[in-house]
Amino acid sequence: MQHYSACNGLRFVRPYYHNYIANAKLRWFGRSCFDVYTSEFKNIPPDHYYQEIVSGRMQLVKNPNSKKHYTIYKGKQLFDDVKIGPGDKILHRDHVHEPPVLDPIPTTIYEDENYIVVNKPAGIPVHPVGVYFYNTIQEILHALRPDIKELYPIHRLDKVTSGVQMFGKNHEATSRFKGLIKNKHVQKTYLALVKGLFAFNDKELLVCKDPVVYIYGSRKSVKQFSPATTVFKNICYNKAKDESLVECKPLSGFSHQIRIHLRNLGFPIIDDLLYMDKYSTIFKNSHDVTSQYLNMIYKFSCKQRAGQERDINKKEQRCSECGTLLYKDPKLSSLSIKLHSWKYVVVDIQSQKTYKFEARPPQWASEALELPSLTSNACQYQRTAKK
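Let us look at the structure shown here. Just so it is clear, the structure is predicted and the values come from calculations on it, not from any experiment.

## Describing the overall build of the protein chain
- The helix and strand tally for the protein chain stands at eight helices and 20 strands.
- Reported as C-alpha extents along the three principal axes, the dimensions of the protein chain are approximately 75 × 50 × 40 Å.
- Look at the contacts in the protein chain between residues 6 or more apart in sequence, and 64% of them connect residues 24 or more apart.
- For the protein chain, the exposed surface amounts to about 20400 Å²; the carbon and sulfur share of it is 51%.
- Separation between the mean location of the 57 positive side-chain charges and that of the 37 negative ones in the protein chain comes to 3 Å.

Structure representation (structure tokens):
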């Protein structure tokens with residue numbers, strides 16, 4: 001664990017240098033490197049990329065596959081003079097400052113020669129993405145288990161979600177499980193804590209089939225996924241706190257499906273500020289999302305990210321080596337929501353084997369699930385009666 005240090009419940013990664021190579025994307029054509037980087041990677045302020053360009057640590061290579069006829073542009077040319085085109089590559093050597101994540105490490109639920117399944121802590125991304133590399137479950141597992149040479153995520157929990165996370169140890173095994181999930185040979189059960197009494201006309205089960213309208217605020221874009229179905233059941237209700245523990249069974253597996261469906265039903269997950277605040281507006285069709293709304297969300301995202309991730313008013317918080325503004329330590333409560341991937345059942349048709357994985361719930365859920373053994377002090381929980 002040589003890359004890591006821990007303090008006040010957070011896990012930190014020592015800053016390091018990394019060489020990035022980016023292939024030009026269609027939406028980048030006709031734009032400058034400075035324009036692309038400041039609009040696509042908003043988690044880092046524009047003045048960082050300004051310094052990177054001025055210092056020569058960013059280069060645009062045209063015709064990069066030719067040994068004789070390639071051209072390299074750098075420095076002030078990358079502000080506006082030279083535009084990105086088809087086949088171009090952007091080379092960028094950056095001094096990386098990864099944001100901190102929550103400190104708990106993943107615990108192993110199951111392992112054999114092909115798979116390792118862990119109980120993922122909330123507050124940590126599953127795999128390298130964006131500004132995260134070492135501060136991910138995949139790389140933390142590599143550090144904990146150097147004997148595992150290959151590690152591939154089979155599915156991906158949200159950063160803020162805890163619970164069952166499966167990895168394959170080789171391409172063949174990973175592809176097999178991914179295929180089983182795609183062909184719905186899997187049963188998934190989540191636990192969510194919501195505000196209020198989750199009950200609808202005294203029905204034991206509630207089925208939500210709303211299309212998943214997923215908004216990318218930083219990209220000003222929206223996607224719609226359907227058919228999307230989630231089956232909900234109220235496990236118990238805490239009258240004193242006015243909170244319900246809800247069992248969630250997604251029959252499809254789209255991004256943020258459970259979070260969006262609970263938001264649509266009027267029961268956003270506790271601590272899920274994304275759908276309690278930023279995306280509180282309900283859309284049942286992507287065509288209803290206007291450009292005005294996307295522009296408003298985009299501005300909100302920029303302001304929120306600047307305020308949460310970096311303290312732009314404190315110049316003393318700059319890195320002494322590269323001059324970049326440093327991340328603020330986030331509030332621990334902002335890194336997780338009350339959503340837990342509890343159980344996965346995977347039926348492998350080829351080997352005629354059924355895998356059953358269960359991740360011990362966090363304290364906010366285990367107190368309610370262990371109701372029979374609780375003391376009278378916690379008997380405010382009321383089981384939902386079966387009809």
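## Describing the sheet that holds strand 3 (residues 16-23)
- What the four strands build is an open sheet, ordered 3-6-4-5; its pairing is antiparallel. Each end of this open sheet is capped by a strand with a single partner; those strands are strand 3 and strand 5 (71-74). Ignoring strand direction, the axes of neighbouring strands in this sheet form an average angle of 20 degrees.
- Here helix 2 (residues 46-54) sits on the sheet and contacts strand 4 (58-62) and strand 6 (89-96); the angle it forms with strand 6, its principal contact strand, is near 115 degrees.

## Here we look at the layout of surface pockets
- One number sums up the size of the second largest pocket: a volume of about 840 Å³.
- Lys188, Ser252, Gly253, Phe254 and Tyr344 are, among the 29 residues lining the second largest pocket, the residues nearest its centre.
- At the level of elements, helix 4 (171-182), strand 12 (186-195), strand 17 (243-250), helix 5 (257-264) and strand 18 (339-348) are the ones that each hand at least two residues to the lining of the second largest pocket.
- At five residues, the largest contribution of residues to the lining of the second largest pocket is made by strand 12.
- Looking at side-chain class alone, the lining of the second largest pocket contains twelve nonpolar, nine polar and eight charged residues.

## A word on the pattern of salt bridges
- All told, the structure shown has 17 salt bridges when counted by the stated rule.
- For the salt bridge of Asp272 with Arg259, the shortest nitrogen-to-oxygen distance reads 2.7 Å. Here the residue Asp272 occupies a position in the loop between helix 5 and helix 6 (273-278), and Arg259 occupies one in helix 5, the gap between them amounting to 13 residues. You'll find Asp272 and Arg259 in the same group, each marked buried.

Thresholds applied
- Residues numbered from 1 in each chain as written.
- Predicted model: local features only at pLDDT ≥ 70, side-chain atom pairs only at ≥ 80, totals over all residues.
- Heavy atoms only, no water.
- Helix = DSSP H or I, 4+ residues; strand = E, 2+ residues; numbered from the N terminus.
- Contact = heavy atoms within 4.5 Å.
- Areas by Shrake-Rupley, 256 points an atom, 1.4 Å probe, with all protein chains shown as cover.
- Lys, Arg positive; Asp, Glu negative; His and termini not counted.
- Charge placed at Lys NZ, Arg CZ, Asp CG, Glu CD.
- Pairing = 2+ DSSP bridges.
- Axes fitted to C-alpha atoms, helices over the stretch in contact; angles between N-to-C directions.
- 1 Å grid on protein atoms, 1.4 Å probe; cavity = no way out; pocket = protein on both sides within 12 Å on 5 of 7 lines; lining within 4 Å.
- Points joined across faces, edges and corners; volume = space filled by probe spheres on them.
- Nonpolar A, V, L, I, M, F, W, Y, C, P; charged D, E, K, R; others polar.
- Salt bridge = Lys/Arg side-chain N within 4 Å of Asp/Glu carboxyl O.
- Buried < 20%, exposed > 50% of the residue type's maximum accessible area, 1.4 Å probe, protein only.

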